[in-house]
Amino acid sequence: MSRTVTGGDGRMRCAWSASAPEFDAYHDTEWGFPVGDDRRLFEKICLESFQSGLSWRTILAKRENFRAAFDGFDYHAMAAYGPEKVAALLQDAGIIRHRGKIEAVINNAARAVEMEQSEGALAAFFWRYEVETPPEPQTVSTCPESVALSKELKTRGWKFVGPTTCFAFMQAMGLVNDHAVGCYCRALAAKARQGFAKPV
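Draft legend 1. Highlighting the packing of helix H2 (residues 38-51) against helix H7 (residues 99-119). Across the interface, H2 lies against H7 with an axial gap of 10 Å and an inter-helix angle of 150 degrees. With respect to H7, the element H2 is oriented roughly antiparallel. Crossing of H2 against H7: the hand is right-handed. In this structure, H2 uses Asp-38, Phe-42, Cys-46, Ser-49, Phe-50 and Gln-51 to contact H7, whose residues at the interface are Lys-101, Ile-102, Val-105, Asn-108, Ala-109, Ala-112 and Glu-116.

Take a look at the structure:
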């Protein structure tokens, strides 16, 4: 099965980008490009947790609703959420109303605050798990680094962060360049990674 598809503009892209009209822009401008911003990293790992068992299209369509509901994924604000906020979120039809996932990302916000205090920045922690020797693009759903990241996060008390969730997070945030061979964004992502100042 081909891992690329020709888009309407004649460019070759990862085949998954053709599965929904809104995926082209996400694929071309976000997915696989390196991110060093703590809040964006936290947002993404939260959204990947919400995606568990669902499609990314569902989550992407609701992303702005998630941002509004969770204070722009400001983990300092989220860490202070109590039972009343959880109850309100469970009534918010604009997001995924799954109590376990809602409570997990609130818990993870508190863990993120702790991590910030111990590591200096979330980005410094996450980028330790950059995939230096990636597998053949789009052939696996986990890798040794995502397994290690998942294990460490769970040790630190994070929830809904299994190896597959962590690998999807790493793909999206540029910790691994998983654009298919032949996809025009593969070289762009590689160039962005070369010029990226790895957080320390």
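Draft legend 2. Layout of the packing of aromatic side chains. On inspection of all chains with the given rule, the structure shows 16 aromatic pairs. Considering the side-chain rings of Trp-16 and Trp-31, the 5.0 Å spacing of their centres and the 70 degrees angle between planes classify their relative orientation as edge-to-face. With a gap of 15 residues between them, Trp-16 in the loop between strand E2 (12-14) and helix H1 (23-29) and Trp-31 in the loop between H1 and H2 connect regions that are remote in the sequence. Given a relative accessible area of 23%, Trp-16 falls into the partly exposed group. Between the aromatic rings of Phe-66 and Phe-70, the centroid separation amounts to 6.4 Å while the plane-to-plane angle is 20 degrees, which identifies the pairing as stacked. Side by side, Phe-66 and Phe-70 carry an identical accessibility label, which is buried. Members of the aromatic cluster, connected to one another through ring pairs, are Phe-42, Tyr-75, Phe-125, Phe-126, Tyr-129, Trp-158 and Phe-169. Arg-11 extends its terminal NZ or CZ atom over the ring of Tyr-184, reaching a point 4.4 Å from the ring centre. One Lys or Arg, Lys-44, reaches over the ring of Trp-56 and ends 3.4 Å from the middle of that ring.

Draft legend 3. Inspection of H2 at higher detail. Along its 14 residues, H2 runs 20 Å from first to last C-alpha, staying within 8% of the 20 Å computed at 1.5 Å per residue. Of all 14 residues in H2, 12 are buried; the element is thus mostly enclosed. For H2, the N-terminal capping position is held by Asp-37, with its side-chain oxygen 3.2 Å away from the main-chain nitrogen of Arg-39. With its phi angle positive at about 85 degrees, Gly-53 sits one or two positions after the end of H2.

Criteria and thresholds
- Residues numbered from 1 in each chain as written.
- Predicted model: local features only at pLDDT ≥ 70, side-chain atom pairs only at ≥ 80, totals over all residues.
- Heavy atoms only, no water.
- Axes fitted to C-alpha atoms, helices over the stretch in contact; angles between N-to-C directions.
- Helix = DSSP H or I, 4+ residues; strand = E, 2+ residues; numbered from the N terminus.
- Parallel < 35°, antiparallel > 145°, perpendicular 65-115°, else oblique.
- Left-handed = near helix turned anticlockwise from the far one by under 90°.
- Contact = heavy atoms within 4.5 Å.
- Phe/Tyr/Trp six-rings, centres within 6.5 Å; stacked < 30°, edge-to-face > 60°.
- Buried < 20%, exposed > 50% of the residue type's maximum accessible area, 1.4 Å probe, protein only.
- Lys NZ or Arg CZ within 6 Å of the ring centre and 35° of its normal.
- Expected span 1.5 Å × (residues − 1).
- Polar contact = N/O pair within 3.5 Å; in protein donor to acceptor, adjacent residues only side chain to side chain.

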